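What the coordinates show
As a plain string of letters, each chain reads:
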Amino acid sequence: MAVPILPADCVGEIVGHLHEDNSSLHSCILVNRLWCENGMRFLWRQPFRLAKLLPINRQISLIDTYLSCLSADEKTDLFESERVYVPSLTNSSPAFNYPELLRHLSIENLYLCVSKWVDKNKCEGVRSSHSVKVLCQELRSLFMRRSPILDSLSLDMVPDDRWPGFPSFLYYSEAETWLYRLREFAIIAPLIKWGVFDDLARHTIQLRKLTIYLVSYPRQPTEARSLAGFIQAQKGLEHFKLVNHTHLSQNNSRVSPPIHLSVPVRLQARQNAPIVATPPTIIISQAVQANHSNQVSGPVSIIIPQLPTTFTASSETRCLPIILSALLSQYATLTQAEFVGLKFNDSASLSVLSNCCKLLESIELSRCHFPRDLSVNSSWLPQELPALRKIYFSPVDPVIDDVYWRLVRKTNINLKELCIRSSTTLCQDTFSMLVVSISRHCPNLFSLALPVHKNGLSRLCELFHSFSQLERLTLFINGQCDTLIEDEDNKAEDDVSGFLPKLGLVLPLTLRYLDVELPWWFTAGSLESFLINSKAPLETLKFRNSPCISDQHQVVIMFYLNDTLVDKDIVNTKKSPLLMEDSIKGL
């Protein structure tokens, strides 16, 4: 009886569900030619997304594969014009057109992989930096010729002496199709100048996810309006992330020298590009828009602005509300927003933040600054947050305590993920109020992470009775040292040997992930009682900052959770986790 053959569309649909499982995709390419073609299509969609995590030999092999797709004439031109030699590893052509399969490109990871390749294949008499720059440009041109569709682009590298000219490809006519079809875009701002967003707004209008990394803040409202206009131009933005590195990195205040670029041609407006209405809150300069209609022939001199690591608070106060207000134009589609390192220290930015929260299903406020004025600190919270499914709240400055539990109370029973961090340890009363608010208003949580007061452990046990769907739990205390100090005073204060068995009795039956970042001390016997009492099918159990973990503790964990435990990295210390099959057999 002949084995039925699945249609090609069905095979493609099946393999598509494995797009993030490289091991399974490698198995697919061994079945037959049809499965191989579909597997390779997904294996080579985004090789640069996590390229920096690959071993060096894999990074070099990646570049070897792409360079093998160059023709013999192209390799000869590289050697004759730039003195860069590309060896031919095989006489046969590649089995697949690998550049055509590319759907994601990270400029930083491309540069990293090419640098490793050049270090291995150094040419005498040619500077390594020159070879890297030339090969990056050649590969980028190869991708533009062979892969007309790009879903995701990360311009995650500041132009400097390593590769000063890389932003110029945005102004090539070949890049127009790339920019128009983009669905995900990450960019360091200002990349060349703030006006680049005016150019991008004419072409890149189909984004679903937009990430902006600010290495310097807009100095003038006109610069902020360029970025705001780009946000408003999107037809269906779903995920927005804004990261302000001027607050996150305060290492030095030196200013980078300006870099001059020679750009062949400006972006030309797409003939059929839709006209995007501009809300009255933000108006883009008519003079700037008029420049787009004039085609510029010949090279254009562009000066990359100085990128200081310092900023003026007044410029942030003026510009942040302009940028955030643009998000309101995406109210019909925007569901997720992440704000990292921003300062919400004035009523204008807080008002816009409040309006944004009403629209979202997921909000992350990480390492953000809020005013210390008690009357303003909690006033930004909307009356209701009906759509929220996920909250991550981690302020830098201490906020008044009731902000935490007020934030929880304004959500509804649809909240699935909640993470609250505090820059200072919450007092016992605030922790108790927070626990009561979570248990009453968030019974359907799937994931919970919160700080625990050392005198509030009994409250913690009461909390778990409210959950029927909780699968992930993280317990931590903020402000603790990175290094563990093993002294008797700490041991006595943080000893939970009597509490741990009680915790096992109340853990939800649905819990699969438990991560305890508290510096708990406990005996192996109390840990055994905890695991005996717990009926939760734990797949991950971590005690990251418990200095008491010994081989005996790990033997107990492996004995009782050997059937369900997936992540065997039990403790995050200098000691490696032990796989103690022989010890377990002796129990």
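1. Focus: the pairing of strand 13 (residues 472-476)
- Within strand 13, 4 of the 5 residues are buried, which leaves the element mostly enclosed by the surrounding structure.
- Note: strand 12 (residues 447-451) against strand 13, 5 bridges, orientation parallel. Pairing of Ser-447 across the sheet is with Arg-472, part of strand 13.
- Handedness of the crossover is the feature at issue here: the chain leaves strand 12, passes through helix 19 (residues 457-464), returns alongside strand 13, and the resulting connection is right-handed.
- Note: strand 13 against strand 14 (residues 513-516), 4 bridges, orientation parallel. Counted as the bridge partner of Arg-472 is Tyr-513 from strand 14.

2. Focus on the packing of helix 7 (residues 107-120) against helix 8 (residues 128-146)
- Taken N-terminus to C-terminus, the directions of helix 7 and helix 8 make an angle of 130 degrees; their axes are 9 Å apart at the nearest point. Comparing their axes, helix 8 and helix 7 come out oblique. The interaxial crossing formed by helix 7 with helix 8 has right-handed handedness. For the pair formed by helix 7 and helix 8, the contact residues are Leu-110, Tyr-111, Val-114, Ser-115, Trp-117 and Val-118 on the first element and Ser-128, Ser-131, Val-132, Leu-135, Cys-136, Leu-139 and Phe-143 on the second.
- Its residues assigned to classes, the contact of helix 7 with helix 8 shows 10 nonpolar, 3 polar and no charged.

3. A look at the nonpolar core
- Counting residues in hydrophobic clusters, the biggest one holds 160 residues, and the most contacted among them are Phe-48, Phe-339, Phe-344, Ile-438 and Trp-520.
- Among the elements that take part in this core, helix 8 stands out by supplying 8 residues, more than any other.
- For Phe-339, the contacting residues outside a window of four places in its chain are Phe-240, Leu-242, Leu-324, Leu-327, Phe-344, Leu-353, Ile-363, Glu-364, Leu-365, Ser-366 and Cys-368.

4. Quick notes on the packing of aromatic side chains
- Summed over the entire model, instances satisfying the criterion amount to 17 aromatic pairs.
- With a centroid separation of 5.0 Å and an interplanar angle of 90 degrees, the aromatic rings of Phe-559 and Tyr-560 are classed as edge-to-face.
- Taking relative accessible area as the criterion, Tyr-560 reaches 30% and is therefore assigned partly exposed.
- Counting every residue linked through ring pairs, the aromatic cluster contains Trp-44, Phe-48, Tyr-66, Phe-96, Tyr-98 and Phe-143.
- When the ring centre of Phe-476 is taken as reference, the NZ or CZ atom of Arg-421 above it lies at 3.8 Å.
- Here the basic side chain of Arg-472 rests over the ring of Tyr-513, its NZ or CZ set 3.9 Å away from the ring centre.

5. Details of the pairing of strand 11 (residues 417-420)
- With 4 bridges connecting them, strand 10 (residues 390-395) and strand 11 associate as parallel partners. Across the sheet, residue Tyr-392 finds its bridge partner in strand 11, namely Cys-419.
- Pairing of strand 11 with strand 12 involves 3 bridges; the strand directions are parallel. Looking at strand 12, one finds that Cys-419 is bridged to Ala-449.
- Taking the sense of rotation as the criterion, the β-α-β connection linking strand 11, helix 18 (residues 428-441) and strand 12 turns out right-handed.

6. Some words on helix 4 (residues 56-67)
- Taking 1.5 Å of rise per residue, 12 residues should cover 16 Å, and helix 4 covers 17 Å from first to last C-alpha, within 8% of that figure.
- Buried within helix 4 we find Gln-59, Ile-60, Leu-62, Ile-63, Asp-64, Thr-65, Tyr-66 and Leu-67.
- On its buried face, helix 4 is in contact with helix 5 (72-82), helix 6 (98-101), helix 7 and helix 8.

7. Remarks on the packing of helix 22 (residues 524-533) against helix 23 (residues 551-561)
- As a packed pair, helix 22 and helix 23 sit with axes 9 Å apart at the nearest point and diverge in direction by 15 degrees. One finds that helix 22 runs roughly parallel with respect to helix 23. Once helix 22 is placed against helix 23, the crossing between them reads as right-handed. Contact residues: Ala-524, Leu-527, Glu-528, Leu-531 and Ile-532 in helix 22; Gln-552, His-553, Val-556, Ile-557, Tyr-560 and Leu-561 in helix 23.

8. Structural notes on the pattern of salt bridges
- Tallied over the full model, the rule gives 13 salt bridges.
- With a closest N to O distance of 3.4 Å, Glu-108 and Lys-52 form a salt bridge. In this pair, Glu-108 sits in helix 7 while Lys-52 sits in the loop between helix 3 (33-43) and helix 4, placing the two residues 56 residues apart along the sequence.
- Taking the relative accessible area as the measure of exposure, Glu-108 reaches 32% and is therefore partly exposed.
- Glu-338 is the salt-bridge partner of Lys-241, the closest N and O atoms lying 3.9 Å from each other. Residue Lys-241 is found in strand 5 (residues 239-244), and its partner Glu-338 is found in strand 8 (residues 336-340); the two are separated by 97 residues along the sequence.
- By relative accessible area, which is 21% here, Lys-241 ends up partly exposed.
- Several salt bridges converge on common partners, so that one network encompasses Arg-421, Asp-515, Glu-517 and Arg-544.

9. A word on the side chain of Ser-437
- As for its position among the elements, Ser-437 is in helix 18.
- Using a relative accessible area of 1% as the deciding quantity, one classes Ser-437 as buried.
- Once residues within four sequence positions are removed from consideration, Ser-437 is found in contact with Trp-405, Val-408, Arg-409 and Cys-442.

10. Some details on unusual backbone geometry
- Even without being a glycine, Arg-367 presents a positive backbone phi close to 55 degrees.
- The topology assignment puts Arg-367 in strand 9 (residues 362-368).
- Take Arg-367: its relative accessible area is 45%, and that puts it in the partly exposed class.

The rules behind the values
Each chain carries its own residue numbering, running from 1 in the written order of its sequence. Local features in this predicted model are restricted to residues whose pLDDT is 70 or higher, and side-chain atom pairs enter the listing and the counts only when it is 80 or higher, whereas totals over whole chains, interfaces and linings include all residues. With hydrogens and water stripped out, all remaining heavy atoms of the structure feed into the side-chain values. Only protein chains enter the accessibility calculation, which uses a 1.4 Å probe; a residue is then buried when its area is under 20% of its type maximum, exposed when over 50%, and partly exposed in between. Secondary structure elements follow DSSP: runs of H or I of four or more residues count as helices, runs of E of two or more count as strands, with numbering from the N terminus. Between any two strands, pairing holds if DSSP finds at least two bridges. Place the viewer so that the strands point away; then a crossover is right-handed whenever the path from the first strand over the helix to the second strand goes clockwise. The angle between two axes is taken between their N-to-C directions and runs from 0 to 180 degrees, where each axis is a line fitted to C-alpha atoms and a helix contributes only its stretch in contact. When describing relative orientation, an angle under 35 degrees is termed roughly parallel and one over 145 degrees roughly antiparallel, while 65 to 115 degrees is termed roughly perpendicular and anything else oblique. It is the rotation of the near helix from the far one that decides the hand of a crossing: anticlockwise by less than a right angle makes it left-handed, clockwise makes it right-handed. Two residues form a contact once any of their heavy atoms are found within 4.5 Å. Under the convention adopted here, Pro, Cys and the residues Ala, Val, Leu, Ile, Met, Phe, Trp and Tyr are nonpolar, Asp, Glu, Lys and Arg are charged, and Gly plus all remaining residues are polar. Note on terminology: a nonpolar core comprises buried Ala, Val, Leu, Ile, Met, Phe, Trp, Tyr and Cys residues joined through side-chain atoms within 4.5 Å. Each aromatic pair joins two rings of Phe, Tyr and Trp (for Trp, the six-membered one) with centres within 6.5 Å, and gets the label stacked for planes under 30 degrees apart, edge-to-face for over 60, and tilted for any other angle. By definition here, charges over rings are those cases where NZ of Lys or CZ of Arg is within 6 Å of the ring centre and within 35 degrees of the ring normal. The span expected for a helix works out to 1.5 Å for each residue beyond the first. Salt bridges are identified by distance alone: a Lys or Arg side-chain nitrogen within 4 Å of an Asp or Glu carboxyl oxygen.

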